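Below, each chain spelled out in residue letters.
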Amino acid sequence: MEITIKDEYIKLGQALKLAGLVGSGVDAKFVIQDGQVKVNGEVDTRRGKKLYSGDNFEFEGTLVTVK
């Protein structure tokens, strides 16, 4: 799956919402804090982690690439 951003970066919580993997920012906060999200293959618990074009993140078996 891919998401396309128009700015230089997107924050991890926003990216999860944009990809439709969580219903709200609150949901994103909890799954990130619980260590359920991997960024570029590593667990990242920072909701504000900046993702740039070429980065990827994974949640519940879904891999998403930022374009």
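For the structure, check the block above.
Definitions and limits used
- The residue count restarts for each chain, going from 1 along the sequence in the order it is written.
- Side-chain atom pairs in this predicted model are given and counted only at pLDDT of 80 or more, local residue features only at pLDDT of at least 70, and totals for whole chains, interfaces and linings cover all residues.
- Calculated side-chain values reflect all of the structure's heavy atoms, with hydrogen atoms and water omitted.
- The helix count covers DSSP runs of H or I at least four residues long, the strand count covers runs of E at least two residues long, and both are numbered beginning at the N terminus.
- Only C-alpha atoms enter the radius of gyration; for comparison, a globular chain is expected to reach 2.2 Å times N to the power 0.38, where N is the number of residues.
- Whether a residue is buried, partly exposed or exposed follows from its accessible area with a 1.4 Å probe, protein chains only, as a fraction of its type maximum: under 20%, in between, or over 50%, in that order.
- By definition in these notes, contact holds between two residues if any of their heavy atoms fall within 4.5 Å.
- Using a 1.4 Å probe, the Shrake-Rupley method yields the accessible areas, and only the shown protein chains count as cover for residues.
- We score Asp and Glu as negative and Lys and Arg as positive, and we do not count His or the chain ends.
- Just so you know, the charge point we use is NZ for Lys, CZ for Arg, CG for Asp and CD for Glu.
- Working definition: rings of Phe, Tyr and Trp (its six-membered ring) pair if their centres are within 6.5 Å, and the pair is stacked with planes under 30 degrees apart, edge-to-face with planes over 60 apart, and tilted otherwise.
- Ring-over charges, as used throughout, are those where CZ of Arg or NZ of Lys falls within 6 Å of the ring centre and within 35 degrees of the ring normal.
- One bridge is not enough; two strands pair if DSSP finds at least two bridges between them.
- What the arc describes is the spread of directions from the helix axis to the C-beta atoms.

## Some words on the overall build of the protein chain
On a plain count of helices and strands, the protein chain comes out with two helices and seven strands. Listed N to C, the secondary structure of the protein chain is β-β-α-α-β-β-β-β-β in terms of helices and strands. Computed over the C-alpha atoms, the radius of gyration of the protein chain is 10 Å, within 12% of the 11 Å expected from 2.2 N^0.38 for a compact globule of 67 residues. For the protein chain, the spread of C-alpha atoms along the three principal axes comes to 25 × 20 × 20 Å. Scored against the burial criterion, the 67 residues of the protein chain give a buried share of 33%. Contacts spanning at least 24 positions in sequence make up 45% of the contacts within the protein chain whose residues lie at least 6 apart. Carbon and sulfur atoms form 42% of the exposed surface of the protein chain, whose accessible area is close to 4,100 Å². Between the mean site of the 10 positive side-chain charges and the mean site of the 10 negative ones, the protein chain shows a separation of 6 Å.

## Description of the packing of aromatic side chains
Overall, the coordinates contain one aromatic pair when judged by the stated rule. Above the face of the Y9 ring, K50 is positioned so that its terminal group lies 4.6 Å from the ring centre.

## What about the sheet that holds strand β3 (residues 37-39)?
Reading across from one edge, β1-β7-β6-β3-β4 is the order of the five strands in this open sheet, with mixed pairing throughout. Unpaired on one side and paired on the other, β1 (2-3) and β4 (42-43) mark the two borders of the sheet. Of the pairings in the sheet, the one linking β3 to β4 comprises two bridges and is antiparallel in character. What sits directly across from K38, in β4, is V43.

## Points about helix α2 (residues 25-33)
Among the residues of α2, those classed as buried are G25, A28, V31 and I32. Buried residues in α2, looked at end-on, bunch into an arc of 125 degrees, giving them a common side. On its buried face, α2 sits against α1 (12-18), β3 and β6 (56-59). One or two positions beyond α2, positive phi appears at G35, with a value near 75 degrees.

## Here we look at the pairing of strand β7 (residues 62-66)
By the bridge criterion, two bridges tie β1 to β7 in an arrangement that is parallel. Considered in β7, the bridge of I3 is made with V66. The pairing of β6 with β7 spans four bridges and is antiparallel. What sits directly across from F59, in β7, is T62. In this structure, the hairpin formed by β6 and β7 is closed by a connection of two residues, where E60 is found at a positive phi of approximately 50 degrees.

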